[in-house]
Amino acid sequence: MKRTAAVLAVALAWVVTSASAQTLRTLSSARQLHGETSLIVEVHYAVGQLKLEPASPGDLYRMELRYDEDKFTPVREYDADAGVLRLGLRTLHGNTSIRRRHGEETPSLDVALTPEVPLTLRVEVGAAESDVEFGGLQLRRVAYKTGASESHVHFSRPNPVECDALTFEAGAAEFTATGIGNSNCRRMGFHGGVGEMTLDFSGQWRTSADVTVKIGIGELKLLLPRDLGVAINLSRFLTSFDRSGFTKRGGVYYSDNYASASYRLTLNIDAAFGGIDVQWVDGR
Amino acid sequence: MRSSARSLLALGLALAAAGSAAAQQRRDDVVSHAVAISSRDATLELDLASGKSRVVSLRDGDVIVDGQHVGHYAAGGALERAWRKLLSDGAALETGKMVAAARTWSAPGLAGGELDAQGRIASALRDLASAPLAIPAGASAAAAAPAAPESVRASFPAQPLTAESAPPPEPRAPAATSTGVQLLFGDVRNIVAIFIALAMIGFGTVFFARRYVEVIADTASNAFGRSLVVGLLGQLLLLPTLAMLIVGLIFTIVGILLLPFAIIAFIVAAVAAALGGYLAVAHAVGETWTRRRMANGAFVRHPTAYGYVFTGLVGLLGLWAAAALFGWAGPVVFVFRGAAFIVTWLAATVGFGAVLLSRAGLRETFAGRHAGDMSDEYLWATPPATPAAPRPGRRE
C-alpha cells in the first residue's frame with residue numbers, strides 16, 4: 001500500500017512538473033545612442049507575440065523578451081562598426097518546431113527602435129502575432145516577412161525620411177496595414193499566400209507610389225483615399241473585383257480623379273481564388 | 001639645469017598617467033545593458049565601449065563575475081532578494097541610470113559569505129561609468145550612413161532611391177495579362193493546364209490499371225446512390241480512421257516505429273482514392289455520353305477507355321471553363337463557380353465511394369456485371385428456336 005502511494009505520488013509529481021516545466025526568463029536590454037548615424041536592424045522571431053514601436057528619445061533600442069529558456073535562446077547582437085543590430089529569439093539545439101503545452105505562457109518580444117536614426121529594417125516572424133507601429137520611425141527600407149500569423153502594421157505618423165522600398169510577405173495569415181500613405185515610400189510590395197489582407201492607403205502622401213500586391217487564396221480589402229489618383233493593373237483568376245469608382249481604359253482601372261490628383265498610386269494586383277473589395281475613404 | 005629636466009620628466013609622467021587613466025576610463029564606459037531574470041538566475045550584463053562586457057550573475061547559489069566564481073549566496077536570502085530587486089527595478093531604466101544604480105547598490109543585513117560576495121560584486125561594478133549620450137543631428141545622420149554588410153544588403157531590393165522631385169509615375173503600361181481578353185485567356189489557360197494534368201494521370205491509370213478503372217466506373221454508374229452515400233461516409237470517417245490507426249499503432253508499442261510511414265501511406269491512399277475515383281467517374285460520364293451518341297446513330301470510331309476519360313473530363317471541367325469564360329460578367333460567375341464546385345465535389349465523392357465499394361476495382365459486386373440471363377438485345381440477335389409444328393401424319 002505504501003509502495004503504491006509512493007508510486008502515485010511520484011507520478012503525480014511528474015505530471016505536475018511536466019505541466020509546469022516551462023522555465024520563463026525575462027530579458028530586458030537597452031542601448032543608448034552613441035553617435036550612430038544610421039542603423040540596420042534584423043529581427044528574427046519564431047513563436048509568440050511581437051510588438052515593435054518607436055523608442056524613447058536617447059535610446060538606440062530597447063528590448064523586452066519573455067521566453068522559455070529550455071527551448072529558446074535570445075539574440076542580442078550589435079555590430080557598431082557595421083551599424084547592424086540583431087534582435088530576437090531562436091530555438092535551442094537547432095530545433096525547428098516547438099510544441100507548446102496547454103496552459104504555457106506565450107513567449108513575447110517587445111522591441112522599441114530609435115526614431116532619431118534612419119533605419120533599414122528586416123523582420124522575420126514565424127508563427128507569431130505581431131503588432132507593429134512604424135509611425136515616427138525613420139524608415140529607409142523595410143522587408144517584413146511573416147509565416148502563419150496575425151500581423152497588424154501601422155504607420156500612424158509620417159515617415160520623416162524618404163523610403164526606398166517596403167516589402168511585406170505573409171504566408172497563411174491575416175495581415176493588416178494601416179496608414180500606408182504615411183510610409184513615404186515609392187515602391188511597395190505586399191505578398192500574401194492564403195488568408196485575408198487589408199491594406200489601408202490613407203495617410204499623408206508626399207510622393208506617388210508603385211505598389212505590387214500578390215495574393216493566393218483569400219480576400220484583399222483595399223481602403224483608398226478619395227483624393228488619391230489610383231490606377232489598378234489587375235491580373236486575376238477566379239477572383240471577384242468590386243470596380244465601383246473606377247473606369248476601365250486599355251485594361252487598366254482608373255479612379256475618376258486620376259488625371260487631376262496630386263499623388264498617384266499604381267496598384268499591380270495579382271490575385272487568385274478570392275475577392276478584391278475596394279472602399280473609398282477620407283484621406284487622413 | 002638638472003632640476004628643470006627632472007621637473008619636465010615628472011610632468012611628462014604625470015600627463016602620461018592622466019592620459020592613461022582617461023583612456024582606461026573611456027574603455028570602461030558602459031554603452032548598453034541587459035538584465036535577465038528567471039527562477040534559476042538573475043544576471044546583469046554590461047557592454048563596455050572597449051567591446052568587452054561585465055557579467056554579474058547569481059545562479060544556483062553561486063555568485064559569478066565574468067565567468068569566475070567569486071562567492072556563494074543563500075537561495076531566497078538577503079543578497080539574492082536585493083540583487084533581484086536591483087535588476088527588476090533597473091530593467092526599465094536607461095543604461096546610465098542602471099549603471100549608477102548598480103554602482104551604489106548594497107544589500108542590507110548581510111553577514112559572512114554573502115557580505116564577501118556583495119563586496120566582490122561591488123568592486124566589479126565600481127569602476128564602470130556610462131558612456132555619454134550622443135544623439136545625431138537630424139539630417140546629417142541620414143547622410144553619413146555606414147555601408148551595410150553584403151549579407152544584409154542582399155535582403156533588400158537594390159534599386160536606387162529616386163529623387164523626390166521626380167514627376168509622379170504614370171501607371172504601368174498595360175501588362176501582358178492586363179487586358180480583358182488576356183485575362184480571359186489567363187483563366188482559360190489555367191483550366192486547360194488542370195485538364196491536361198488530369199488527362200495525363202487518367203491515361204496513365206487506364207494504361208496500367210484499365211480493368212480496375214472500368215470496375216470502379218461501372219460501380220459508380222450502376223450504384224450511383226450507394227457510391228454517393230459510401231463516399232460521404234468515407235469522407236466523414238477519414239480522420240477518425242486515421243486517429244484509430246495512430247492509436248492502434250501506439251498501443252502495439254512496436255507499431256510506433258511504423259507510425260510516420262503509416263500516416264504517410266494513409267494520406268497517399270486517401271488522395272489516390274479520391275483522385276482515382278474522380279477519374280473513374282470521368283470515365284463513366286464519358287462512356288455514358290458516348291454510348292448515348294452511338295444509340296442515337298452517331299458513328300464513333302474505336303470507343304476506348306482513353307476516349308471515355310477524355311470526354312468525361314471535358315464534361316466535368318466544362319463548368320470551370322464556363323466560370324473562367326464568364327469572369328467578366330460579374331455575379332453570373334458565382335453561379336458557374338458554385339455549380340462547378342458542386343459537380344466536382346459530387347464526382348469526387350461518388351468516385352471515392354465507388355473506390356471503397358469496389359475495393360479499388362477488385363470487387364465487381366456493384367458493377368452490374370451479372371453473368372445471368374442474356375439481354376433482349378442478344379435475344380433479338382439470336383432468336384430462340386420456334387418449335388416446329390408436327391408434320392401431318394407423323395406420330396410422336
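It should be noted that the structure appears before, not after, this text.
Residues numbered from 1 in each chain as written. Chains lettered and ligands numbered in written order. Predicted model: local features only at pLDDT ≥ 70, side-chain atom pairs only at ≥ 80, totals over all residues.

Draft legend 1. Up close: the overall build of chain B. A tally of regular secondary structure across chain B gives twelve helices and six strands. Taking all 396 residues of chain B together, 26% fall into the buried category. (Helix = DSSP H or I, 4+ residues; strand = E, 2+ residues; numbered from the N terminus. Buried ≥ 20, exposed ≤ 12 C-beta atoms within 10 Å, placed from the backbone.)

Draft legend 2. Molecular detail of the overall build of chain A. Each helix and strand in chain A was counted, giving one helix and 16 strands. Looking at chain A alone, contacts between residues at least 24 apart form 59% of all its contacts between residues at least 6 apart. (Contact = placed C-beta atoms within 7 Å.)

Draft legend 3. Here's a closer look at unusual backbone geometry. Within the chain, Asn 184 of chain A stands out as a residue other than glycine whose phi angle is a positive 55 degrees. Tracing the sequence through the fold places Asn 184 of chain A in the loop between strand S10 (163–178) and strand S11 (185–200). Residue classification places Asn 184 of chain A among the buried residues on the basis of 22 C-beta atoms within 10 Å. Notably, Arg 359 of chain B is not glycine yet its phi reads approximately 50 degrees, a positive angle. With respect to the secondary-structure elements, Arg 359 of chain B resides in the loop between helix H11 (332–357) and helix H12 (376–381).

Draft legend 4. Representation of the nonpolar core. One finds Tyr 61, Val 111 and Ile 232 of chain A to be the most contacted residues of the largest nonpolar core, which totals 104 residues. Here the element with the most residues in this core is strand S2 (residues 39–54) of chain A; it accounts for nine residues. Counting residues in each nonpolar core, the second largest holds 39 residues, with Val 230, Ala 273, Leu 317 and Ala 340 of chain B among its members. (Core = buried A, V, L, I, M, F, W, Y, C linked by C-beta atoms within 7 Å.)

Draft legend 5. How the structure looks around the pairing of strand S8 (residues 139–146) of chain A. All names here are of chain A. Judged by how many residues are buried, S8 sits mostly within the fold: six of eight residues are covered. Relative to S8, strand S7 (residues 119–133) runs parallel, the two being bridged by seven bridges. Each bridged residue has a counterpart across the sheet, and for Glu 124 the counterpart in S8 is Lys 145. (Pairing = 2+ DSSP bridges.)

Draft legend 6. Region of the structure containing helix H8 (residues 224–251) of chain B. The end-to-end C-alpha separation of H8 of chain B is 38 Å, in line with the 40 Å expected for 28 residues at 1.5 Å each. Where H8 of chain B bends most, at Leu 237 of chain B, the angle is about 45 degrees, and the proline Pro 240 of chain B comes one to four residues later. (Expected span 1.5 Å × (residues − 1). Bend = angle between axes of the 7 residues up to and from the residue.)

Draft legend 7. Broad picture of the environment of Ile 269 of chain A. Residue and element names in this part refer to chain A. Looking at where Ile 269 falls in the secondary structure, it is placed in strand S16 (residues 264–281). Remark: the alpha-carbon pair of Ile 269 and Leu 234, spanning 35 residues in sequence, is separated by 4.9 Å. Filtering out sequence-adjacent residues up to four positions away, Ile 269 remains in contact with Val 213, Ile 232, Asn 233, Leu 234, Ser 235 and Ile 276.

Draft legend 8. Fine view of helix H10 (residues 305–325) of chain B. Residues and elements named next belong to chain B. Taking 1.5 Å of rise per residue, the 21 residues of H10 would be expected to cover 30 Å, and the 29 Å separating its terminal C-alpha atoms lies within 8% of that figure. Along its length, H10 reaches its greatest deviation from straightness, about 40 degrees, at Gly 318. Turning to H10, its buried residues are Ala 305, Tyr 308, Val 309, Thr 311, Gly 312, Leu 313, Leu 316, Leu 317, Trp 320, Ala 323 and Ala 324.

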